[in-house]
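Examining the three-dimensional arrangement
This is what each chain is made of:
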Amino acid sequence: MAKYIIKRILLAILILFGVSLILYILVRCMPMNYIESKFLTLKQTNGLSDEDYANLLALYGLDDDSFLGILKGYWNWLSNFLQGDLGKSWKFIIPVTEVIGSKMGVSFAVAFVSLIIEMLIAIPLGIKCACNQYGKLDYIVTFLCMIGISFPSFFLGNMFIKWFAVDLGWFDVLGGLGEGGLDTIWHLVLPITVMVIIDMGALMRYTRTNTLEVLNADYIRTARAKGLSNGKVIYKHVFRNTLIPLITTLSFTLPTLFGGAMISEQIFNLPGIGQAAYQALSEGDINLIMGYNMFLALLTVLGTLLADIMYAVVDPRVKLGK
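Nothing here was measured: the structure is a model prediction, and the numbers come from that model.

**Considering the overall build of the protein**
Along the backbone of the protein there are 15 helices and zero strands. Dimensions of the protein, computed from C-alpha atoms along their principal axes, come out at roughly 85 × 60 × 35 Å. At a minimum sequence separation of 6, the contacts of the protein that also span at least 24 residues come to 74%. Of the roughly 18000 Å² of accessible surface on the protein, 67% is carried by carbon and sulfur atoms. Separation between the mean location of the 24 positive side-chain charges and that of the 23 negative ones in the protein comes to 20 Å.

Structural data, given as structure tokens:
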């Protein structure tokens, strides 16, 4: 196990290096950079001289868009990154680490509550539908889940705002976090509901598929042949074995938990890390874009490693020695 973990960590470092290089090149190839988004209009109206504009580009390291210039910029970023310095956000005028740290809590709270609700609804429903395959409940739940999966988050979020905030007046149209306490919880109801509806269907379908595989296993037929009641077969044998792939799948939720929901946070005006990343992307804040995406890449790598380890823990037949 130790050799496997060390090998995966070394591979993860190589992957993160490749991701950072590709990501930086893509960011630098964006049609507009931070200086253009902020000062281009001022330059066009003669409020900023060409020399001052060129000096601003040089100050932010955006004056050379050639491939060698981009590689030079990447090397400067990588050198600072290896020293633990993600730089300062150009938009928020504070270090990138502070932006991520200050805004990650809101995103984590919303994502964590949504995940718990999804699990409490989707897993029992998936098992129930599998045990009643092709029954009325199976058809109804599958139909509703497919509708939920098909809705884009921006569409469903705006529809909920229109129905429950504008038409009925139950929620604040502007969203946000409210004034604290119960008011904050009330403001989070709509975004959490939207995230649950959109994500619950996939988890339910995955649970249903795994349960059907377990129900067709030989040891389940043996348990039924021994005269065990249907309840004991399902909750003692089927449920426990269905959880094995689910536990490993949930390990991949790390980026979702800490990375925020970029579109949903923007729609509901939540001051989370997803909204900050969206604003950074729209304004060309390279330091924050790089810091945020490397943060997600690191969480993804850790989630993958955790999934492999958890699979070996919950299923003794799996060995991770190589």
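**So, the packing of helix α10 (residues 218-225) against helix α11 (residues 230-250)**
Packing of α10 against α11 brings their axes to within 10 Å, and their N-to-C directions diverge by 160°. Classified by the angle their axes make, α10 and α11 are roughly antiparallel. At the point where α10 passes α11, the crossing takes the right-handed sense. Where α10 approaches α11, its residues Tyr 219, Ile 220, Ala 223 and Arg 224 are matched on the opposing element by Asn 230, Val 233, His 237, Val 238 and Asn 241. Across the contact of α10 with α11, the residue classes break down as five nonpolar, three polar and one charged.

**Considering the pattern of salt bridges**
Enumeration over the complete set of coordinates arrives at six salt bridges. Across the pair Lys 38 and Glu 283 runs a salt bridge, and its minimum N-O distance is 3.6 Å. With Lys 38 in helix α2 (residues 34-44) and Glu 283 in helix α14 (residues 273-283), the pair connects residues that are 245 residues apart, well separated along the chain. Overall, the relative accessible area of 42% leaves Lys 38 in the partly exposed class. Between Arg 221 and Asp 218 there is a salt bridge whose closest N-O contact spans 2.3 Å. Remark: Asp 218 and Arg 221 occur in helix α10; sequence separation between them is three residues, near one turn of the helix. Among the residues examined, Asp 218 registers a relative accessible area of 55% and is labelled exposed. Here the salt bridges do not stand alone but share partners, grouping Lys 38, Lys 91 and Glu 283 into one network.

**Side note on the packing of aromatic side chains**
As enumerated under the stated definition, the model contains 15 aromatic pairs in all. Their ring planes at 85° and their centres at 4.9 Å tell us that Tyr 60 and Trp 90 sit as a pair that is edge-to-face. Of the two residues, Tyr 60 is situated in the loop between α3 (50-59) and α4 (67-82) and Trp 90 in the loop between α4 and α5 (96-131); the sequence distance between them amounts to 30 residues. Judged by its relative accessible area of 27%, Tyr 60 is partly exposed. Both rings, one in Tyr 134 and one in Tyr 139, keep their centres 6.5 Å apart while their planes meet at 35°; by these two values the pair is tilted. With a relative accessible area of 56%, Tyr 134 lands in the exposed category. An aromatic cluster is present here, built from Phe 17, Tyr 24, Tyr 74, Trp 77 and Phe 81 joined pairwise through their rings.

**Points about a nonpolar patch on the surface**
A contiguous nonpolar patch, built from Phe 112, Val 113, Ile 116, Ile 117, Leu 120 and Ile 121 and spanning about 470 Å² of accessible area, is present on the exposed surface. Here Leu 120 shows up in helix α5. By relative accessible area, Leu 120 is classed as exposed at 62%.

**Some thoughts on helix α6 (residues 136-150)**
In an α-helix there are 3.6 residues to a turn, and that puts residues three or four apart on one side. Between its terminal C-alpha atoms α6 stretches 21 Å, which fits the 21 Å expected from 15 residues at 1.5 Å a residue. Packed against the buried residues of α6 are α5 and α9 (189-215).

**A look at the packing of α2 against α3**
Running from N to C, α2 and α3 cross one another at 175°; their axes reach a closest spacing of 11 Å. With respect to α3, the axis of α2 lies roughly antiparallel. Each of Ile 35, Glu 36, Phe 39, Leu 40 and Lys 43 in α2 lies in contact with α3, whose residues at this interface are Asp 50, Tyr 53, Leu 56 and Leu 57. Looking at the contact of α2 with α3 residue by residue, the class counts come to six nonpolar, no polar and three charged.

**Observations concerning the confidence of the model for the protein**
Residue-level pLDDT values for the protein average 86, and 97% of them are 70 or greater. No element of the protein has a lower mean pLDDT than α11, at 77, and none a higher one than α4, at 92.

**Here we look at the nonpolar core**
If you look at soluble globular proteins, the nonpolar side chains tend to sit buried side by side. Ranked by internal contacts, the top residues of the largest apolar core, which has 36 residues, are Tyr 24, Ile 35, Leu 62, Trp 77, Ile 286 and Met 290. Mapped onto this core, the elements with two or more residues apiece are α1 (2-28), α2, α3, α4, α5, α14 and α15 (286-314). A per-element tally of this core places α15 first, with eleven residues. Of all hydrophobic cores here, the second largest spans 27 residues; its members include Ala 122, Cys 145, Leu 156 and Phe 268.

**Quick notes on the state of the cysteines**
On inspection of all chains with the given rule, the structure shows zero disulfides. Left unpaired, Cys 129 is separated from the closest cysteine sulfur, that of Cys 145, by 7.3 Å. Of the residues examined, Cys 129 reaches a relative accessible area of 0% and is grouped as buried.

Parameters at a glance
- Residues numbered from 1 in each chain as written.
- Predicted model: local features only at pLDDT ≥ 70, side-chain atom pairs only at ≥ 80, totals over all residues.
- Heavy atoms only, no water.
- Helix = DSSP H or I, 4+ residues; strand = E, 2+ residues; numbered from the N terminus.
- Contact = heavy atoms within 4.5 Å.
- Areas by Shrake-Rupley, 256 points an atom, 1.4 Å probe, with all protein chains shown as cover.
- Lys, Arg positive; Asp, Glu negative; His and termini not counted.
- Charge placed at Lys NZ, Arg CZ, Asp CG, Glu CD.
- Axes fitted to C-alpha atoms, helices over the stretch in contact; angles between N-to-C directions.
- Parallel < 35°, antiparallel > 145°, perpendicular 65-115°, else oblique.
- Left-handed = near helix turned anticlockwise from the far one by under 90°.
- Nonpolar A, V, L, I, M, F, W, Y, C, P; charged D, E, K, R; others polar.
- Salt bridge = Lys/Arg side-chain N within 4 Å of Asp/Glu carboxyl O.
- Buried < 20%, exposed > 50% of the residue type's maximum accessible area, 1.4 Å probe, protein only.
- Phe/Tyr/Trp six-rings, centres within 6.5 Å; stacked < 30°, edge-to-face > 60°.
- Patch = residues over 30% accessible without salt bridge, like charges linked within 9 Å, V, L, I, M, F, W, Y side chains within 5 Å.
- Expected span 1.5 Å × (residues − 1).
- pLDDT = per-residue confidence, 0-100.
- Core = buried A, V, L, I, M, F, W, Y, C linked by side-chain atoms within 4.5 Å.
- Disulfide = S-S within 2.5 Å.

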